[in-house]
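Residue strings, one per chain:
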Amino acid sequence: MKSLVSASLLGCDLADLKGEINSIEKAGADWLHCDVMDGMFVNNISFGTPVLKCVKKAAKLPLDTHLMINDPIRYIDDYAELGSANITFHLEAAPDPQAVIDRIHSHGISAGISIKPATPVSEVKPYLQSADLVLVMTVDPGFGGQKFMPDTLEKISEIRFLLDSLCRENVHVEVDGGINAGTVKICREAGADVMVSGSYIFGADNRAAAVKSLRI
Ligand code: DX5
Ligand code: ZN
């Protein structure tokens, strides 16, 4: 599977959202990664539906919505109806993860399930049969600009192995947190195919070159 770059808007100049979206689309990113935080599931508050509605209007690229919120089923309809192409929620935040996947699928869009660095693969295993994307957090969620945690690599390989054994080779394995030209290589080798990056690409002098360096 070819690899994709999902640019995390959390790393951009939010006062110039339209300009930043245009810039990252020109730079060649594949998806726009939108980090929604509620100040409860994670210790930070970012943005929600009013902002993402504006992002959708300004963007040509698909919205890759990453919900870091408690009890995400409450908001699936909202994020689907505003035009997300994929919605990823956290396994740890959902009392009934299968119900969340089913609710996302009821809108005809891609369903992603994410695990934090401390959550073992065994907990996500029951959902590999129905999820379209598995997001392995490579930092503790909540903030951009953190350092990649190498312990997560084994989980990426294990998930890719399990997906292959289920004949689900087309399911995306996404990585998020501390991804740059160095860490992307080991993630790709481990089996990841969607690379989320915020501070590395938005902080680069040459964003097109930064995006290219992540598509390996
Ligand atoms: C963090 C978010 C990430 C964040 C990544 O919890 O999920 O998407 O923006 O930022 P960087 O690429 O700077 O680690
Ligand atoms: Zn994210």
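These numbers come from a predicted model, not from an experiment. (Residues numbered from 1 in each chain as written. Chains lettered and ligands numbered in written order. Predicted model: local features only at pLDDT ≥ 70, side-chain atom pairs only at ≥ 80, totals over all residues. Heavy atoms only, no water.)

## Things to note about helix H2 (residues 49-58)
Part 1: Along H2, the positions that sit buried rather than exposed are Leu52, Val55 and Ala58. For H2, the buried positions fall inside an angular range of 120° around the axis, keeping them on one side. Exposed and oriented more than 90 degrees from the buried face of H2 are Pro50, Lys53 and Lys57. (Buried < 20%, exposed > 50% of the residue type's maximum accessible area, 1.4 Å probe, protein only. Helix = DSSP H or I, 4+ residues; strand = E, 2+ residues; numbered from the N terminus. Arc of directions from axis to C-beta.)

## Describing the coordination of the zinc ion (ligand 2)
Part 1: Binding of the zinc ion (ligand 2) to the protein goes through His33 (NE2), Asp35 (OD), His66 (ND1) and Asp176 (OD), at separations of 2.0 to 2.3 Å.
Part 2: The sequence pattern formed by the donor residues of the zinc ion (ligand 2) is H-x1-D-x30-H-x109-D. Of this pair, His66 sits in strand S3 (residues 63-68) while Asp176 sits in strand S7 (residues 172-176), and the two are 110 residues apart along the sequence. (Donors = N, O, S within 2.8 Å, 3.2 Å for Na, K, Ca; no water.)

## Overview of the environment of Lys125
Part 1: Mapping Lys125 onto the fold places it in the loop between helix H5 (121-124) and strand S6 (133-137).
Part 2: With 97 residues separating them in the primary sequence, Lys125 and Gly28 have C-alpha atoms 33 Å apart.

## A short note on the site of ligand 1
Part 1: Looking at ligand 1, there are 19 residues lining it, with Ser8, Gly142, Asp176, Gly198 and Ser199 nearest.
Part 2: The separation between an oxygen atom of ligand 1 and a polar side-chain atom of Ser8 is 2.7 Å.
Part 3: Backbone polar atom of Gly145 to an oxygen atom of ligand 1: 2.8 Å apart, as the coordinates give it.
Part 4: Protein chains shield 99% of the accessible area of ligand 1, which is 380 Å² for the free molecule.
Part 5: Every element with two or more residues in the shell around ligand 1 is listed here: strand S2 (31-37), S3 and strand S8 (194-197).
Part 6: When the residues that make up the shell around ligand 1 are grouped by side-chain class, the tally is 6 nonpolar, 11 polar and 2 charged. (Near = heavy atom within 4 Å. Polar contact = N/O pair within 3.5 Å; in protein donor to acceptor, adjacent residues only side chain to side chain. Areas by Shrake-Rupley, 256 points an atom, 1.4 Å probe, with all protein chains shown as cover. Nonpolar A, V, L, I, M, F, W, Y, C, P; charged D, E, K, R; others polar.)

## With respect to the sheet that holds S7
Part 1: Taking strand neighbours around the barrel as the criterion, the 8 strands line up as S1-S2-S3-S4-S5-S6-S7-S8 in a closed arrangement whose pairing is parallel. Averaged over all pairs of adjacent strands, the angle between their axes in this sheet comes to 25°, without regard to strand direction. (Pairing = 2+ DSSP bridges. Axes fitted to C-alpha atoms, helices over the stretch in contact; angles between N-to-C directions.)

## Focus: the pattern of salt bridges
Close approach of charged atoms lets side chains of opposite charge pair.
Part 1: A complete count under the given rule lists 5 salt bridges for this structure.
Part 2: Among the salt bridges present, the one from Asp30 reaches Arg215, with a minimum N-O distance of 3.2 Å. Placement of Asp30 in the loop between helix H1 (17-26) and S2 and of Arg215 in the segment after helix H9 (207-214) is noted, with a sequence separation of 185 residues between them.
Part 3: Using a relative accessible area of 33% as the deciding quantity, one classes Arg215 as partly exposed. (Salt bridge = Lys/Arg side-chain N within 4 Å of Asp/Glu carboxyl O.)

## Concerning the nonpolar core
Part 1: Ranked by size, the top nonpolar core spans 63 residues in total, and within it Leu9, Leu32, Val55, Ile156, Ile159 and Ile201 carry the most contacts.
Part 2: With 5 residues, helix H6 (residues 153-165) is the largest single contributor of residues to this core.
Part 3: Not counting chain neighbours up to four residues away, the residues in contact with Val55 comprise Leu9, Leu17, Ile21, Leu32, Cys34 and Leu63.
Part 4: By size, the runner-up hydrophobic cluster in this structure holds 7 residues, among which are Leu4, Trp31, Leu133 and Met137. (Core = buried A, V, L, I, M, F, W, Y, C linked by side-chain atoms within 4.5 Å. Contact = heavy atoms within 4.5 Å.)

## Topic: the packing of H1 against H2
Part 1: Closest axis-to-axis distance for the H1/H2 pair is 10 Å, and the angle between their directions is 45°. Classed by the angle they form, the pair H1 and H2 counts as oblique. Two packed elements cross with a definite hand, and for H1 against H2 that hand is right-handed. Two secondary-structure elements touch here, H1 through Leu17, Lys18, Ile21 and Asn22 and H2 through Val51, Val55 and Ala58.
Part 2: Counted by class, the contact of H1 with H2 contains 5 nonpolar, 1 polar and 1 charged residues. (Parallel < 35°, antiparallel > 145°, perpendicular 65-115°, else oblique. Left-handed = near helix turned anticlockwise from the far one by under 90°.)

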